[in-house]
Structure formats: C-alpha cells, structure tokens
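Chains, contacts and geometry: an overview
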Amino acid sequence: MALNPNKNLKLYYSIKEVGKIIGVSESTLRFWETEIPQLKPKTLPGSNIRQYTDKDVELLKTVYTLVKVRGFKLAAARKMLNQNRTGADRSAEILETLISVRDQLKDLKQHLDGLV
C-alpha cells in the first residue's frame, strides 16, 4: 500500500501557524473570532490554547479575501457568509486562483524578457 503524499497529516493548527498561513496577526484572528459566529476553534480544556481545523483555515481564507482583498467591512463579510456561504467560498477560491495565474504570468513575462 503506497502512501498518499498529498494527504495532510496535521489535524489542528496553532494560532501562530494559522496567522502565517492567512497572512494576518494573531490579534486579528482573535478579533475575527469575536465577529464571525461560524468561527469557533477548539480550545484545550483548562486553557485558552486555540486549535484550528482545516475547515477553520478555509473559513479564515474566505474572511481574509472578503475583508482584505475585496475591501468589505467585517459586518458586510459576516452578512455575506450568513446569506451565501457557498458563494463566498467559491468567490474566494476563484480570486485565489486568478491571483496565482497572474503571478505565474508575471514570472513567465520576466523569463521571456530575459531571453530577448
């Protein structure tokens, strides 16, 4: 039986790891937890150590896209998530793909300019 190299073996992420993944500070993540009711990371009993799942990280990526990239206020992002969660997720995914394609095209253009 072969191992699946694409499988994510990590079940939980710390707030510091999630901050690096998303690109925001830990205090921003804590604030977003108070403002976005769907975001409830697991906390260890008897402590305030947060444990984020992959689902939490995906939700945070969507919130980041709505607030930081598209310029929504946090209240508007919360409303959009409440009304149309799948549409907001899909929109964030499409925007992330477009940004990736743009970066690849920039790299390709630089490479081609270097050949000329």
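What you see is a predicted model, and the numbers here were worked out from it, not measured in a lab.

Core analysis: the biggest nonpolar cluster contains 19 residues, and V18, L29, W32, I36, Y52, L60 and V63 have the highest contact counts within it. Going through the elements one at a time, helix 1 (15-22), helix 2 (26-35), helix 3 (54-69) and helix 4 (74-83) are the ones with two or more residues in this core. When residues in this core are grouped by element, the largest group, six residues, is from helix 3. Setting aside anything within four residues of it in sequence, one finds V18 in contact with Y13, G23, L29, Y52, V57 and L60.

Attention now goes to the side chain of Q51. The residue Q51 is located in strand 2 (residues 50-51) in this model. The exposure class of Q51 is buried, given its relative accessible area of 17%. Not counting residues up to four positions away in its chain, the partners in contact with Q51 are Y12, Y13, P41, K42, L44 and D56.

Right, let's get into a nonpolar patch on the surface. On the surface, V101, L105, L108, L112, L115 and V116 cluster together to form a nonpolar patch covering roughly 630 Å² of accessible area. Inspection of the secondary structure assignment puts V116 in the segment after helix 5 (85-115).

The next point concerns the confidence of the model for the chain. In the predicted model, the chain carries a mean pLDDT of 84, and 87% of its residues have values of at least 70. Ranking the elements of the chain by mean pLDDT puts helix 5 last with 80 and helix 1 first with 93.

Take helix 1 next. Every buried residue of helix 1 is listed here: I15, V18, G19 and I22. All buried residues of helix 1 project into a common sector of 105° when viewed along the axis, lining one side. Those residues of helix 1 that are exposed and aimed more than 90 degrees away from the buried face are K16 and K20. Turning to helix 1, the residues buried within the fold contact helix 2, strand 2 and helix 3. One or two positions beyond helix 1, positive phi appears at G23, with a value near 95°.

Let us now look at the pattern of salt bridges. In this structure the tally under the stated criterion is six salt bridges. Between K109 and D113 there is a salt bridge; the shortest N-O distance is 2.9 Å. Of the two residues, K109 and D113 are both situated in helix 5; the distance of four residues between them amounts to about one turn of the helix. The exposed category is assigned to K109, whose relative accessible area is 51%.

Scoring rules and cut-offs
Residues numbered from 1 in each chain as written. Predicted model: local features only at pLDDT ≥ 70, side-chain atom pairs only at ≥ 80, totals over all residues. Heavy atoms only, no water. Core = buried A, V, L, I, M, F, W, Y, C linked by side-chain atoms within 4.5 Å. Buried < 20%, exposed > 50% of the residue type's maximum accessible area, 1.4 Å probe, protein only. Helix = DSSP H or I, 4+ residues; strand = E, 2+ residues; numbered from the N terminus. Contact = heavy atoms within 4.5 Å. Patch = residues over 30% accessible without salt bridge, like charges linked within 9 Å, V, L, I, M, F, W, Y side chains within 5 Å. Areas by Shrake-Rupley, 256 points an atom, 1.4 Å probe, with all protein chains shown as cover. Salt bridge = Lys/Arg side-chain N within 4 Å of Asp/Glu carboxyl O. pLDDT = per-residue confidence, 0-100. Arc of directions from axis to C-beta.

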